[in-house]
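# Coordinate inspection notes
The lines below spell out each chain.
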Amino acid sequence: MEHSRRHMYEMVDALVRAGSNFRPRPPGLGDDPFWLAKGDPHCYLETPIDFAVARSVPGQPADLAFDEDDDMIFCRLCWTAITGSNHRLVTVRNAAGSAP
């Protein structure tokens, strides 16, 4: 499954290079920036998402939803989310515009 999320890892890498940090997992659980949360992988940033940087990452699929109002990037292709520090607590499915 990780290979199908490669574009999301590239997105996190670009955001980190631009100055963001992702919230590390608790000790002993590895260093992957994505955690399973509510059944879907999430990466939690400690800063708001820089959407200008995110949109400039080449090769991103058309299935990405850039939700600046909710400080989240969600991929409808692999059901993976990157959330910034200003993210409100809503379900990923609702934030992506699908029925719960």
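For the structure, check the block above.
Heads up: these notes are all about the structure in this document.

### Overview of the packing of aromatic side chains
What the rule picks out here adds up to four aromatic pairs. Plain terms: the ring middles of Trp35 and Tyr44 are 5.7 Å apart, the flat faces sit at 75 degrees to each other, and that makes the pair edge-to-face. Judged by its relative accessible area of 21%, Trp35 is partly exposed. Taking relative accessible area as the criterion, Tyr44 reaches 18% and is therefore assigned buried. Arranged with centres 5.4 Å apart and planes meeting at 80 degrees, the rings of Phe74 and Trp79 form a pair that is edge-to-face. Residue class for Phe74 comes out buried when judged on its relative accessible area of 1%. Judged by relative accessible area, Trp79 falls into the partly exposed class, the value being 33%. Directly above the aromatic system of Trp35 lies the positively charged group of Arg23, at a separation of 5.8 Å from the ring centroid.

About the cut-offs
Residue positions are given per chain, counted from 1 along the sequence in the order it is written. At least 70 in pLDDT is required for a residue's local features to be given in this predicted model, at least 80 for side-chain atom pairs to be given and counted, and no such filter applies to totals for whole chains, interfaces and linings, which use all residues. Hydrogen atoms and water are omitted, and side-chain values are computed over all heavy atoms in the structure. Here a Phe, Tyr or Trp ring, Trp counted by its six-membered ring, pairs with any other such ring whose centre lies within 6.5 Å, and the pair is stacked when the planes are under 30 degrees apart, edge-to-face when over 60, and tilted otherwise. Categorising residues by exposure relies on relative accessible area from a 1.4 Å probe, with only protein chains included: less than 20% of the type maximum marks a residue as buried, more than 50% marks it as exposed, and the intermediate range marks it as partly exposed. Note on criteria: charge over ring means Lys NZ or Arg CZ within 6 Å of the ring centre, with the direction from the centre no more than 35 degrees off the ring normal.

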